[in-house]
Amino acid sequence: MRIGIIGTGVVGQTLGSKLVSLGHQVTLGSRDKDNEKGLAWAAQAGPDAHAGTFAEAAAFGEVVLNATGGTVALAALRAAGAEHLAGKLLVDVSNPLVFEPGGQVTLDPVNTDSVGERIQREFPEARVVKTLNTVNCEVMVEPGRLSGEHNVFVAGDDAAAKAEAVALLGAFGWPAEWIIDLGDISGARAMEMLMPFWLRMMRHFGDAEFNYAFRRPA
């Protein structure tokens, strides 16, 4: 499959490398076609890896992943072009983190809105699914690096799109029974609001090698 990734940071590169290893063709998109990080990634990831602009990545992909920061996601997707997103599964892994002076972290938007919802409203013809934003990028593509069963979430308005996203998660190694469906795209609010807690836990553990695991009565 052809997959376009919006964003050339560590999350985009990690997702891209995993997808290439699974046999997909991937274009990593940035604002500038000559983006050094994108070109360096494509050079080392192999012949199925490419770099381009946001618009080129979105046009290339049968599926598009948004791996930009949540506060810049809409601007990046506007540059990608609504016409290149229409009808496609658009997987949003972003978080709306705002780092305040002094180290405090807030969210924008929060509580009554989310990045996932804003993307779906602005690009109504895209099939937006929020997922993977509650784990670090290494766990995203290799859940088996953690011991035992642990959980990842999906939220979106389109049931078929969620099924496609769940299949993609399965290719990354997430068993279906570990994936929790939080309903429509408004479920992205809860997923994004986990992030301040996640950051506190990262400080507590001293690394990002952890995840949430939910238990029900036997």
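Going along each chain's sequence as written, the residues are numbered from 1 onward. Note on the predicted model: pLDDT of at least 70 is required for a residue's local features to be given, and 80 or more for side-chain atom pairs to be given and counted; whole-chain, interface and lining totals, by contrast, use all residues. Excluded from the side-chain calculation are hydrogens and water; included are all heavy atoms of the structure.

Caption draft 1: Expanded view of the pairing of strand β5 (residues 89–92). Burial along β5 is two-sided: L89 and V91 facing one way and L90 and D92 facing the other are all buried. Bridge count between strand β4 (residues 63–66) and β5: 4 bridges; the pairing is parallel. The residue bridging V64 from the neighbouring strand is L90, located in β5. Where β5 lies against strand β8 (residues 127–131), 4 bridges are found, and the strand directions are parallel. Residue pairing across strands places V91 opposite V129, the latter belonging to β8. Three labels apply to residues, based on accessible area from a 1.4 Å probe with only protein chains included: buried if under 20% of the type maximum, exposed if over 50%, partly exposed otherwise in between. By definition, any uninterrupted DSSP run of H or I lasting at least four residues is a helix, any uninterrupted run of E lasting at least two residues is a strand, and each is numbered from the N terminus. Strand pairing is defined by DSSP finding a minimum of two bridges between the two strands.

Caption draft 2: Region of the structure containing the side chain of N151. Within the element layout of this structure, N151 appears in the loop between α7 (137–141) and β9 (152–156). Take N151: its relative accessible area is 3%, and that puts it in the buried class. For this analysis, residues touch if any pair of their heavy atoms sits within 4.5 Å. In contact with N151, other than residues within four places in its own chain, are W174, E177, W178, I180, N211, Y212, A213 and F214.

Caption draft 3: Structural context of the nonpolar core. Of all hydrophobic cores here, the largest spans 35 residues; its most connected members are I5, L15, L132 and W174. The element that contributes the greatest number of residues to this core is helix α8 (residues 159–172), accounting for 5 residues. Apart from residues lying up to four places away in sequence, I5 is in contact with G12, L15, G16, L19, V26, T27, L28, G29, A57, L65 and A67. Formed by 19 residues, the second largest nonpolar core is a distinct cluster that contains F54, A57, L74 and V128. Think of a nonpolar core as a cluster: buried Ala, Val, Leu, Ile, Met, Phe, Trp, Tyr and Cys residues, connected wherever their side-chain atoms sit within 4.5 Å.

Caption draft 4: Expanded view of the pattern of salt bridges. Put simply, a salt bridge is a Lys or Arg side-chain nitrogen that is within 4 Å of an Asp or Glu carboxyl oxygen. Under the defined criterion, the tally for this structure stands at 14 salt bridges. The partner of R127 in a salt bridge is D158, with the nearest N and O atoms 3.4 Å apart. In this pair, R127 is assigned in strand β8 and D158 in the loop between β9 and α8, connecting sequence segments 31 residues apart. Assessed through its relative accessible area of 16%, R127 is described here as buried. Using a relative accessible area of 28% as the deciding quantity, one classes D158 as partly exposed. A single network of salt bridges, built from pairs that share partners, joins E138, E142, R145 and E209.

Caption draft 5: Molecular detail of the environment of L22. With respect to the helices and strands, L22 occurs in the loop between α1 (10–21) and β2 (25–30). Under the relative-accessibility criterion, L22 is labelled partly exposed at 36%. In contact with L22, other than residues within four places in its own chain, are A171 and F172.

Caption draft 6: Molecular detail of the sheet that holds strand β3 (residues 49–53). Ordered in space as β3-β2-β1-β4-β5-β8-β9-β10, the 8 strands form an open sheet in which the pairing is mixed. Sheet topology places β3 and β10 (179–181) at the edges, where each strand pairs with a single neighbour. Averaged over all adjacent pairs, the angle separating strand axes in this sheet is 25°, with direction ignored. Of the strand pairs in this sheet, strand β1 (residues 2–6) and β4 are connected by 4 bridges, and their pairing is parallel. Bridging from a neighbouring strand, I6 pairs with N66 of β4. Those strands touched by helix α2 (residues 36–45) are β2 and β3, and its axis lies near 165° from that of β3. Angles run from 0 to 180 degrees between N-to-C directions of axes, and those axes are lines fitted to C-alpha atoms, restricted for helices to the stretch in contact.

Caption draft 7: Representation of the packing of aromatic side chains. Centre distance within 6.5 Å is the pairing criterion for rings of Phe, Tyr and Trp, where only the six-membered ring of Trp is used; planes under 30 degrees apart are then read as stacked, over 60 as edge-to-face, and the remainder as tilted. For the structure on display, the rule yields 5 aromatic pairs. With centroids separated by 6.4 Å and ring planes inclined at 80°, the aromatic side chains of W174 and W178 adopt a geometry described as edge-to-face. Here the two residues W174 and W178 agree in accessibility, since each one is buried. Within the aromatic cluster, the residues linked to one another by ring pairs are W198, F205 and F210. Sitting over a ring, as applied to charges here, requires NZ of Lys or CZ of Arg to be within 6 Å of the ring centre and within 35 degrees of the ring normal. Sitting over the ring of F60, R2 keeps its end group 5.9 Å from the ring centre.

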